[in-house]
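# Structural description and commentary
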Amino acid sequence: MDKIEHIGIAVRDLAASNKLFEKIFGMPHYKIEEVASEGVRTSFFEVGPNKIELLEATKDDSPIAKFIEKKGEGIHHIAFAVTDIRKEMDRLRAQGFRILNEEPKKGADNKWVAFLHPKDGNGVLIELCQEIPVRENT
Ligand SMILES: C[C@@H](C(=O)O)C(=O)SCCNC(=O)CCNC(=O)[C@H](O)C(C)(C)COP(=O)(O)OP(=O)(O)OC[C@H]1O[C@@H](n2cnc3c(N)ncnc32)[C@H](O)[C@@H]1OP(=O)(O)O
Ligand SMILES: [Co+2]
C-alpha cells in the first residue's frame, strides 16, 4: 500500500456537514459525487496533501445509514492508495482477510475500490483505491 488516499466520515446531512467542515478547514469542498451503487452521496475536501470524504446515505440500506444507526456519525473508513488493486486483493485474500467485493468496483473520484471486512482490521474498515487509468475510463 502506498499512502492514505482519504478518510471517510459518515454524516447524516451532507449539506449541513459541508458547511461545518468548510468552517473547520477554512475552505470549501471541491466536488460532490453520488455513487448510486454504494448508496452514498459524497463530498471531498483537500486539506494540504490530504483528502477527506464526507458520506451521506441515499437509501435506507446504505452502509452509511446502517453505520450511523449503530454507531452514530463519525469516521467510517480509511482508504489507502494502491498501484495494483487486484494484486493487493489477492495478497490479502491469500492471508485469510475477507475482501467484501469479488472484483474491484467503481468508487468516487475516478477510483477502483475494494473493502476489507472491519472485523479483520481491529474494527477499522479499510478501503483500497486505485486511480482508474484514462484509457479504461470510458
Ligand atoms: C464511494 C466510495 C469511495 O470512497 O470511492 C466509498 O467510500 S463508499 C463507502 C460505503 N461503502 C461501504 O462501506 C462498502 C463496504 N461495507 C460493507 O460491505 C458493509 O458496510 C460491512 C462493513 C460489511 C458492514 O455490513 P452490515 O452493516 O450489513 O453489517 P453489520 O451491521 O452487521 O456489521 C457487521 C459488523 O461490522 C461493524 N461495522 C460496520 N461498518 C463498520 C465500519 N465502517 N467500521 C467499523 N465497523 C463497522 C458493525 O458495527 C458490526 O459489528 P458488531 O457486530 O460488533 O455490531
Ligand atoms: Co471512501
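Residues numbered from 1 in each chain as written. Chains lettered and ligands numbered in written order. Predicted model: local features only at pLDDT ≥ 70, side-chain atom pairs only at ≥ 80, totals over all residues. Heavy atoms only, no water.

### Observations regarding the coordination of the cobalt ion (ligand 2)
- Within the protein, the cobalt ion (ligand 2) binds to His 6 (NE2), Glu 53 (OE), His 77 (NE2) and Glu 127 (OE); these donor distances fall in the range 2.1 to 2.2 Å.
- In terms of primary sequence, the donors binding the cobalt ion (ligand 2) are separated according to H-x46-E-x23-H-x49-E. Taken as a pair, His 6 in strand β1 (residues 3–10) and His 77 in strand β5 (residues 74–81) lie far apart in primary sequence, 71 residues in all. (Donors = N, O, S within 2.8 Å, 3.2 Å for Na, K, Ca; no water. Helix = DSSP H or I, 4+ residues; strand = E, 2+ residues; numbered from the N terminus.)

### A closer look at a positive patch on the surface
- Taken together, Lys 66, Lys 70, Lys 71 and Lys 119 make up a surface patch of like positive charges.
- Inspection of the secondary structure puts Lys 119 in the loop between β7 (111–116) and β8 (126–131). (Patch = residues over 30% accessible without salt bridge, like charges linked within 9 Å, V, L, I, M, F, W, Y side chains within 5 Å. Areas by Shrake-Rupley, 256 points an atom, 1.4 Å probe, with all protein chains shown as cover. Salt bridge = Lys/Arg side-chain N within 4 Å of Asp/Glu carboxyl O. Lys, Arg positive; Asp, Glu negative; His and termini not counted. Charge placed at Lys NZ, Arg CZ, Asp CG, Glu CD.)

### Considering helix α1 (residues 14–25)
- The end-to-end C-alpha separation of α1 is 16 Å, in line with the 16 Å expected for twelve residues at 1.5 Å each.
- Every buried residue of α1 is accounted for by Leu 14, Ser 17, Asn 18 and Phe 21. Looking straight down α1, one finds that the buried residues subtend no more than 105 degrees of arc, so they occupy a single side. What points out from α1, more than 90 degrees from its buried face, is the exposed set Ala 15, Lys 19 and Lys 23.
- Tucked inside the fold, the buried residues of α1 contact β1, β2 (31–35), β3 (40–47) and β4 (50–57).
- The N-terminus of α1 is capped by Asp 13, whose side-chain oxygen sits 3.1 Å from the backbone nitrogen of Ala 15.
- Of the residues one or two after α1, Gly 26 is the one with positive phi, at around 75 degrees. (Expected span 1.5 Å × (residues − 1). Buried < 20%, exposed > 50% of the residue type's maximum accessible area, 1.4 Å probe, protein only. Arc of directions from axis to C-beta. Contact = heavy atoms within 4.5 Å. Polar contact = N/O pair within 3.5 Å; in protein donor to acceptor, adjacent residues only side chain to side chain.)

### Considerations on the site of ligand 1
- Close to ligand 1 lie 22 residues; Glu 38, Glu 53, His 76, Ala 108 and Lys 119 are nearest.
- Side-chain polar atom of Lys 119 to an oxygen atom of ligand 1: 2.6 Å apart, as the coordinates give it.
- For ligand 1, whose free accessible area comes to 1000 Å², the fraction covered by protein is 76%.
- For the shell around ligand 1, the leading source of residues is helix α2 (residues 63–71), giving five residues.
- The class makeup of the residues in the shell around ligand 1 is ten nonpolar, five polar and seven charged. (Near = heavy atom within 4 Å. Nonpolar A, V, L, I, M, F, W, Y, C, P; charged D, E, K, R; others polar.)

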